[in-house]
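# Chain and residue survey
Residue strings, one per chain:
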Amino acid sequence: MINRPRAWLALADGSIYQGYSVGASGSAFGELVFNTAMTGYQQVITDPSYAGQLITFSYPHIGNVGVNDADFESDRVWAAGIIVHSMTHQTYHWQSRQSLPSFLREQGTVAIENIDTRALVHKLRHHGTISAYVTTEPISETNIWRIFQNEQNTEHINWPKRATTGHSYSLEADGNQPGYHVVVYDLGVKLSLLRTLQTLGCRLTVVPATAPANAVSALQPDGVLISNGPGDPSMCQSTIEAVSELISRRTPLCGVCLGHQVLALALGGQTYKTRFGHHGINHPVYDKAADKVCISSQNHNYAVERQSLPAASHINAVSLFDGTVQGLASDSHPVLSAQGHPEGSPGPSDWQPFFQRFMDLIQQKATTYASDDRA
Amino acid sequence: MPATTELKSVLVIGSGPIVIGQACEFDYSGTQACLALKEAGYRVILINANPASVMTDSPISDAVYLQPLTVEWVVDVIQREKPDAILPTMAGQTGLNMAMALHHQGLLAKYGLTIIGAWPGSIELADDRQCFKRLVHQLGLSTPRSIAADTMAQAEQALENWRLPLIIRPCYTLGGYGGGVAYTPKQFRSICAKALQASTSGKIQIEQCMNGHKEFELELIRDRQDNVIVVCSMENLDPVGVHTGDSVTVAPAQTLTDPEYQAMRKAAIAIMRKVEVDTGGANIQFAVNPENGELSVIEMNPRVSRSSALASKATGYPIARVAALLAVGHTLDELTNELTGSQIPAAFEPVQDYVTTKIPCFNDDKFPTVCQRLGSSMRSIGEIMALGRCFQESLQKALMALELEPSERRYQTVFDLTARPYRLLTVMDAFRQGRTLAWIHQQSGIDCWFLAQIEELIACEKRLIHSNLQCLDRPKLKHLKRLGFSDGRLAEILNTDPSRIRQRRRQLGIKPGLNIVDTCAGEFDAATDYIYTTYGAGPHSPASTHNRKLLLLGSGPNRVGQGIEFDYCCVRATRALRQLGFETVMINCNPETVSTDYNTADRLYFEPVVAERVLDIIEHEKPWGVIIQFGGQTSLKLADILQRHDVLVLGSNAHTVRLTENRHEFQLLLQRLAIAQPANKVVHNRTDALSAAHTIGLPVILRPSYVLSGQGMQIVHNDKQLTETLRQITIDSEHPLLVERFLDNAIELEADAVSDGNDAVICGLMEHVEPAGVHSGDSACVLPTLTVSDELVGLIKSKIKTLIENLGHVGLVNVQLAVWQGRIYMLELNPRASRTVPFVCKATGIPWVDIAIRCLLGESLQAQAMKEPTMERCYVKEAILPFDKLSGQSPRLGPQMQATGEVMGQSDHWADAYKKAQLAAGFYWPQAGSGQSVCLCQPKPEENWQAFVNQLESQGFQVYQCHVKDKILSGLSFLCPTLDKQLVLSLLDNGSISWVIDITSHNEDKDDEILQQAILKRVYYTTTRRATRLTLASIAYEPAPELI
């Protein structure tokens, strides 16, 4: 124990924590966020929405079931690094292919254990999101300032641009069901979001974040989904423009997480950065359509400004934690969105009916707006 | 949405006495429910005959009926109070069964009563195993394969087709009793035969044991808007096959992937909706195949349960409180989460940033003849829970909370890793002896993740063996403490004293941090001080700065001899102190109790009640003083160490504790005060023991020193027994033995008193129904005394007062004495609250705990104008014995306590009160003139039964005698007709016998079969002459029309 490789965590406020390295050697900067989920670390670290972030897991045991083939949300780790209280090194779960530390080393991801993660959560809650640095190179209070000075602010990085696909590709529906053709704007899409649509019988064309509206329309989609992804929605200018265009063409649109924020911006609303975001799988959302509370999976640092929305659009879901906007719909256009992750993964599937509503929206559009299209 | 406005008053069903399988978790749930409803403005009416419970305390509800939980009495309460609704879901299976009985008899409709929290349909669905299975299958989920059988032949088919082990469950019985897990064909046949008999419907279910499958439980809540949340996931360390109550349980689940967990969550929610759990909590158990993740549904409880109490304590989420409010029509989104200062609604799923481990407590030392192997019927008596930042810390803290003295802990070298009580200790020993993880996993079926964690702990121990105290530098010691090693365990490994480890720790500045249980892993600010200490964190939570702060120590896990009564005292004391403007800090580790509810004390430390933790907390909190007299022996035994650390202990100080526990010092005091004691002698070897016994004269009672609830105590009547018993026990200078004259057939009395240091007031003087020699906790008792003359009572009281006033003790004190051949003998004195305090409080209607608290704070009894109360009515406390739950245990009473709980009966006349107590205990009362039979087992000529038999016959009973050895002793044949044993058993079966008398004493050949059958059928029985005589007197009494 005492002879294990050390690692350090430094925060932009000058505090330094010492622990042990349980990932790759090296260093990583990132925005420090905390996640309260007690299961699903593999999904979390491979979710592109976490690009550039250092994730503190509040649950103390991470790595219990290792890493398996089924629980990837992308083909790599997107988190800049992870901070845990206690890492499991040896795994026994039937699906496990390798231990989490060995996977992290393979992926070149830094990770540190033996950290009082509750203290970090406390700090984040009171100071808001903060930049941090995890390294396996010894650091001291004297060189820490230099390190933070030299590093550019991760907030100004266009993360969706880094996380989106380089080229378009198609995915077939599950079990050859005759279903809709949905174009997915990939801002850093989770595999489970794609799988959910495939399960509903959708044939998918996944396009890069920069795909212009005309190119998307040319694919003759029945609907368009704007995916989840990392970072600030206001950086997705080209997507926002394309979505505005698609809105005016009355294409059925569905936004999830970052996609929801992009949709709001395209509708003329505004977004803002929250203090420390929502990262967990226990968040209650009041879903007006179902008149029920859904326990939802959440992962976002930005939110939609309630007051900024145009009159025709309405809020159809709210967070019961802080009253923030969790979903939008519009009287004038076939649009629908969710701030949380109705697809779960990790997390509950309480909000799955959301996707059925998207299917219904496409269906309605096919009948209601048929005349518009011809015109 | 507001709550249902039509409801104004609610009748809450209490769960009655503490029995194995239904312990004080329902006192906790019921108390929460009553308080929540009362706060919400409802009139709360409660029926519960358990005097030791907190819920029956006057401030908890608006009207309390300490009456038997029978349909007749519930109806009586309904007629008096005319409630609008009945809430049956807070009292375990007992509550649901009562609701179903009322429903089936049409009484709910008759009195226009709404059932809230559940509806009869869902209760039936969840309880009928076949229906439930069908419904689960309709949801596309699987269950273990099973068949129903009503004959042995059908059962045999299962044996032919399926591989053992198989689980046998009788239908419609509580807690799986009467069933079991069969590992061999022989066991299978015997369990099936018993289960067929135990089942009220004559049906049993034979189920494939998902052997080696992992077991999980989810706690859910649903409201009337169909919002469903999962409050907690729990993983049982012991794989399927061990009752969840007997299993080591960890929350949250540790070994599931997110998809596996979500599949389970989704299935549970689907079941909640399908069963239509109306509102409130439920618990669903699952098995998961560790080879492929296959999920099967085991069972469901549509109510709050032991698991929900555990889940509430593990997460901080008050399930019973929320469930009660949902029952009256609130919804989850409109209720708030108090732990976060109501910033967020109750509609969310709690998350933990710590691990909790629950370990069940067994009292197998008391029940040596009961089969060791754990199975489908619950055996544990209580439980403890510990919180740690990691599993290892929580596990080792939990082991600490078990209060297993190092001397009691024998390290094993032969490893039986089948499911047994405290198997975890065997697992640890196996690692210590170098067994591999793979082997232990194969033998025990415990998931490797947990075993790997334990292996790491043992590896640390092994490295430490070659070390010494000086080598423990800061990082090393800190690391060990983070893993949960107690000072005591480290001292044991390093062969030093725990105080040296403590010293070293302080030198190196290693202190535990304080974390708050907040339901949200720190995402929101916590508003309540529900605290646990951990070495996996810095000191997060600051101590309060209140200058009138007092620390109370709780009583730890329920066990025979120390149960809910002490929790009642602790809770009451806390309330009294808060009312007096004190800030209260509570330390306790029993998840079933009210004292560990987050809003009982101002600050709750959910911690083992052991010296190390208590001293650490005192150092952090710096209370003005500590109160140890309400937590039973668990807290009292810390008197000495607290004094050595200069802690102000109010009331019971180390001196009085020593004085009363040290036989010699106590003897000197009694001699000085001219109070008689049975002749006795303390000896340190066998030879002295023998000669002492002969000098004193047989029969003698042998008591090992410092014992709780008579553990190891034996009464010997002859030389053969004497030499045999002496051979079995350790006697040396470390383990002295007290040899005491046994006062055969003496009347035993017990008093609780309160003292201000100068003056004492007797709260209640009780007479035991059973004679001396039967442990006071196992005997029924009557308040006021029954057969002792007024003159003698006066003398007894004055002796008690003299003794107490010469003790220098302040607060509550319990005294036990005997009247033998007209003389008074002092037996025992405990300078603390006792088992009978809640009973006396409820019988006298005087809050004695509050008065004791004022005394502790320096207010004299005179200033409080306290005088001995005069008793206008009669109160009987009856002990609840676990013989129906522990098959194989002889139902005879002796000096070792065996009772798990108690009930009370009250009336204008003692006879009626006694009858009510028996009804509350769940027995059918032998009714005079009913044409029922009484069976007299093994009567002896010298016992002179004839007059007794005549009396019984004149009361309209048919009396039979039965001689187990089929040998009628001469001079008995005229007594009454004789039946053979088989016939008696059949008559018990068909309900013709309503009273079994068997006073065969322990020095004769005895046969327990008839008694055991009587107990199984809830037929009234007596095993001592005194109890038999009092019963007859009670039956003969003609009650006046009942006035409550």
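Structural data are supplied above this passage.
A short tour of the structure in this document, coming up. (Residues numbered from 1 in each chain as written. Chains lettered and ligands numbered in written order. Predicted model: local features only at pLDDT ≥ 70, side-chain atom pairs only at ≥ 80, totals over all residues. Heavy atoms only, no water.)

Right, let's talk about the interface of chain A and chain B for a bit. The partner chain B presents 59 residues to the 49 residues of chain A that form the contact. Summing both partners gives a buried area of about 4400 Å² for chain A against chain B, and 53% of it is carried by carbon and sulfur. Our enumeration of links across chain A and chain B arrives at six salt bridges. A salt bridge links Arg118 of chain A to Asp353 of chain B; the shortest N-O distance between them is 2.8 Å. Across the chain A-chain B interface, the total number found is 21 residue pairs in polar contact (both at pLDDT 80 or more). Broken down by secondary-structure element, the contributors of at least two residues to the side of chain A that touches chain B are helix 3 (117-127), strand 15 (271-287) and strand 16 (292-304) of chain A. Of the residues contributing to the side of chain A that touches chain B, the split by class is 21 nonpolar, 21 polar and seven charged. (Contact = heavy atoms within 4.5 Å. Buried area = accessible area lost by both parts, 1.4 Å probe. Salt bridge = Lys/Arg side-chain N within 4 Å of Asp/Glu carboxyl O. Polar contact = N/O pair within 3.5 Å; in protein donor to acceptor, adjacent residues only side chain to side chain. Helix = DSSP H or I, 4+ residues; strand = E, 2+ residues; numbered from the N terminus. Nonpolar A, V, L, I, M, F, W, Y, C, P; charged D, E, K, R; others polar.)

Locating Ser890 of chain B in the fold gives a position in the loop between strand 33 (874-880) and strand 34 (901-907). In this structure the side chain of Ser890 of chain B is engaged in a polar contact, spanning 2.8 Å, whose partner is the side chain of Asp1008 of chain B.

Right, let's get into the pairing of strand 38 (residues 993-998) of chain B. Residues and elements named next belong to chain B. Taking burial as the measure, the six residues of strand 38 include six buried ones, the bulk of the element. By the bridge criterion, five bridges tie strand 35 (residues 933-937) to strand 38 in an arrangement that is parallel. Counted as the bridge partner of Cys937 is Asp998 from strand 38. (Buried < 20%, exposed > 50% of the residue type's maximum accessible area, 1.4 Å probe, protein only. Pairing = 2+ DSSP bridges.)

We now examine the sheet that holds strand 31 (residues 810-820) of chain B. Residues and elements named next belong to chain B. The antiparallel open sheet is built from seven strands, whose spatial order is 32-31-28-29-30-33-34. Strands with a single pairing partner mark the edges of an open sheet, and in this sheet they are strand 32 (823-830) and strand 34. Looking at each pair of strands side by side, their axes are set apart by 25 degrees on average, direction ignored. The pairing of strand 30 (residues 781-783) with strand 33 spans three bridges and is antiparallel. (Axes fitted to C-alpha atoms, helices over the stretch in contact; angles between N-to-C directions.)

All names here are of chain B. Here Arg873 shows up in the loop between helix 29 (848-856) and strand 33. A residue is classified by how much of its surface remains accessible, and Arg873, at 18% relative accessible area, is buried. When the C-alpha atoms of Arg873 and Leu395 are compared, they prove to be 49 Å apart, with 478 residues separating the residues in sequence. One polar contact links Arg873 to Gln906, side chain to side chain, over a distance of 3.5 Å. Engagement of the side chain of Arg873 in a polar contact is seen with the side chain of Asp908, the distance being 3.0 Å.

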